[in-house]
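# Reading the structure
Residues per chain, in single letters:
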Amino acid sequence: MTSKEFDGSTPLAREIQDLTRRRQAIAAETLPLPSRTRIFTISNQKGGVGKTTTVVNLSAALAKSGARVLVIDLDPQGNASTALSVEHREGTPSVYDVIVNDKELEEVIQKSPEFDGLFVIPATIDLAGAEIELVSMVAREQRLSRSLATFLDEYDFDYVLIDCPPSLGLLTINAFVAATEVLIPIQCEYYALEGLSQLLKNIQLIEKHLNPKLRVSTILLTMYDSRTNLAHQVAEDVRAHFPKEVLNTIIPRSVRISEAPSYGQSVISYDTNSSGSLSYLEAAAEIARRGVPR
């Protein structure tokens, strides 16, 4: 290939130059660590918006930058546990034992092989019945919150990311009560805003009655396809409604992001130089720079 064929005017050359520039910018930046633990619930009642993918890759990106990160998998499917390569077969000590059987988090925590500083509280299939078991328990909405507060009094973490099931049951309510910030992934497709108003109303109710510290601090646009006008329009609509909360970084549709979980990895470790990996690294950096919302 001649230099003329590979000049800055070709789409491929421009893409390579852009990826190189972004990679160099990320490598040159040292991210600030929060002065106190930031606890995020990643939630959206709509399924298929990249919720678990966001938990896995943001946690890996933050850990890669030097932060100590705890992922709490509160989804009975256990997909975050799978993607971060921690044991979660039936009978494995898990978050179920914490919220139902009063085990301490330190008894069920596992280290992810992804990065130093990345730890996981796994979910097992036992969690599927937890909603029913919680109904009759005292302070059922605060089971996770109390356990997490005790744990963080003893162990130092910069970030806690809680992955929720795509519904507003007692597991998700436990996540909202335990958190101080909500991160909402929104898919750049037609039904993006459908159900979001109801989710925000539910968050306001929890803030009013159960957790006055809870705030929707971050909205992340996911599955963005730059070739379609629809994706551009959805992104504009979301930014118009939530100008302060939406991150500048947008997560693209990416084969690498989709492939990574089948190898028990985040896209950060699976293909560090891919556009999907760079986007999550940039999103993590933006979250770190923004700091705790006032």
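These notes cover the structure that comes with them. Just so we're clear, the structure is a prediction, and the values are computed from it rather than from any experiment.

## What to know about the pairing of strand E7 (residues 215-224)
Every other side chain in a regular strand lies on the same face of the sheet, so the side chains alternate between the two faces. The element E7 is largely enclosed, with a buried count of seven among its 10 residues. Taken together, the seven bridges between strand E6 (residues 181-187) and E7 define a ladder with parallel strand orientation. When the bridges of E7 are listed, Ile 186 appears paired with Leu 221. Crossover E6 to E7 through helix H8 (residues 196-209) is right-handed. Direction of pairing for E7 relative to strand E8 (residues 246-252): parallel, over a ladder of three bridges. Its bridge partner lying in E8, Leu 221 is registered against Ile 250. Once the chain exits E7 it traverses helix H9 (residues 229-241) before rejoining the sheet at E8, and the crossover so formed is right-handed.

## A word on the sheet that holds strand E1 (residues 38-42)
Spatially, E3-E4-E2-E5-E1-E6-E7-E8 is the arrangement adopted by the eight strands of the open sheet, whose pairing is mixed. Each having just a single partner strand, strand E3 (110-111) and E8 make up the two edges of the open sheet.

## A short note on the nonpolar core
In terms of nonpolar packing, the biggest core is built from 53 residues, with Leu 70, Ile 72, Ile 99, Leu 148, Ile 162 and Ile 184 touching the most fellow members. Here the element with the most residues in this core is helix H7 (residues 170-178); it accounts for seven residues. The contacts of Leu 70, once residues within four sequence positions are left out, are Ile 109, Phe 119, Val 120, Ile 121, Leu 148, Phe 151, Phe 157, Tyr 159, Val 160 and Leu 161. With 39 residues, the next largest nonpolar core counts Ala 60, Leu 84, Phe 115 and Val 120 among its residues.

## Things to note about a negative patch on the surface
A cluster of acidic side chains, namely Glu 104, Glu 106, Glu 107, Asp 153 and Glu 154, defines a negative patch on the protein surface. By the element assignment, Asp 153 lies in helix H6 (residues 143-154).

## Examining the pattern of salt bridges
In total, this model carries 14 salt bridges according to the counting rule given. Between Glu 282 and Arg 22 there is a salt bridge, with the nearest N and O atoms lying 2.8 Å from each other. With Glu 282 in helix H12 (residues 275-290) and Arg 22 in helix H1 (residues 11-28), the pair connects residues that are 260 residues apart, well separated along the chain. Residue Arg 22 is classed as buried on the basis of its relative accessible area of 13%. Note that Arg 227 and Asp 225 form a salt bridge whose closest N and O atoms lie 2.9 Å from each other. One salt-bridge network, in which partners are shared between bridges, spans Arg 256, Glu 259 and Asp 271.

## Overview of H12
Helix length check: H12 (16 residues) gives 22 Å between terminal C-alpha atoms against 22 Å at 1.5 Å per residue, within 8%. Burial analysis of H12 places 12 of its 16 residues in the buried class, which makes it a mostly covered element. Residues Gly 276, Ser 277, Leu 278, Ser 279, Tyr 280, Leu 281, Ala 283, Ala 284, Ala 285, Glu 286, Ile 287 and Ala 288 constitute the buried set of H12. Just downstream of H12, Gly 291 is the residue with a positive phi angle, here 75°.

What counts as what
Residues numbered from 1 in each chain as written. Predicted model: local features only at pLDDT ≥ 70, side-chain atom pairs only at ≥ 80, totals over all residues. Heavy atoms only, no water. Buried < 20%, exposed > 50% of the residue type's maximum accessible area, 1.4 Å probe, protein only. Helix = DSSP H or I, 4+ residues; strand = E, 2+ residues; numbered from the N terminus. Pairing = 2+ DSSP bridges. Right-handed = clockwise from strand over helix to strand, strands pointing away. Core = buried A, V, L, I, M, F, W, Y, C linked by side-chain atoms within 4.5 Å. Contact = heavy atoms within 4.5 Å. Patch = residues over 30% accessible without salt bridge, like charges linked within 9 Å, V, L, I, M, F, W, Y side chains within 5 Å. Areas by Shrake-Rupley, 256 points an atom, 1.4 Å probe, with all protein chains shown as cover. Salt bridge = Lys/Arg side-chain N within 4 Å of Asp/Glu carboxyl O. Lys, Arg positive; Asp, Glu negative; His and termini not counted. Charge placed at Lys NZ, Arg CZ, Asp CG, Glu CD. Expected span 1.5 Å × (residues − 1).

Interpretation note: all reported values are geometric properties and have no functional meaning in isolation.
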